[in-house]
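# Per-entry structural report
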Amino acid sequence: MTPGTKIKLCLWIIIIGLALSGITAFPLESELAILKVRLSPNGTIGDWINTIYQAIKTTNSQFPWLSYGTDWLAFAHLVIAIVFIGPLRDPVKNIWVIHFGMIACIAIFPLAFIAGSIRGIPLFWRLLDCSFGVIGFIPLYFANKYTCMLEKVSPVS
């Protein structure tokens, strides 16, 4: 597999992951309703999912406009996915997007631990949030590595 093909594979993983996380942020109440039925209510995760479901259900029934914030979160994921089309087309010229993505993945950690602590998010959930930073960083690291290899073969003029 050529470095260019490896870069595209890594970037498609990022684009698809961002798009899926964006799309799934729109129907949170419906998704949580399904999850709460499937997870044991007596387990730590099951209890947390049920708590979040009840909060979102109550908020949506009384203050539906607050979910507009998560709609914007979803939209932001989709827009960021679109930005990765640049390095998909020309990774050497757009390596800054790959670097931006790597920085964003690392920045998940302080946000999860600082804001999560302030907001009372359980540690296991903050660690789950951090796992997305790790999962995202891996293909971006390799995309960066292969882009550097590609740049040595055909430098930008």
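Predicted model, so just to flag it, every value in this text is computed and none were measured.

Parameters and conventions
- Residues numbered from 1 in each chain as written.
- Predicted model: local features only at pLDDT ≥ 70, side-chain atom pairs only at ≥ 80, totals over all residues.
- Heavy atoms only, no water.
- Helix = DSSP H or I, 4+ residues; strand = E, 2+ residues; numbered from the N terminus.
- Buried < 20%, exposed > 50% of the residue type's maximum accessible area, 1.4 Å probe, protein only.
- Contact = heavy atoms within 4.5 Å.
- Phe/Tyr/Trp six-rings, centres within 6.5 Å; stacked < 30°, edge-to-face > 60°.

Here we take up the side chain of T147. Summarising the element assignment, T147 is placed in helix α7 (residues 123-153). Overall, T147 belongs to the buried group, its relative accessible area being 1%. Every residue in contact with T147, bar those within four places of it in the chain, is listed here: I7, P91, V92, I95 and I98.

Per the counting criterion, the structure on display carries eight aromatic pairs. Aromatic side chains F63 and W65 sit 5.6 Å apart centroid to centroid with 80° between the ring planes, which places their arrangement in the edge-to-face category. Given the relative accessible area of 37%, F63 is considered partly exposed. Centre to centre, the rings of F137 and Y141 are 6.5 Å apart; their planes meet at 25°, and the pair counts as stacked. Taken together, the residues F137 and Y141, both in helix α7 and four residues apart, mark about one turn of the helix. Judged by its relative accessible area of 39%, Y141 falls in the partly exposed class. Connected via pairs of aromatic rings, a cluster forms that spans F137, Y141, F142 and Y146.

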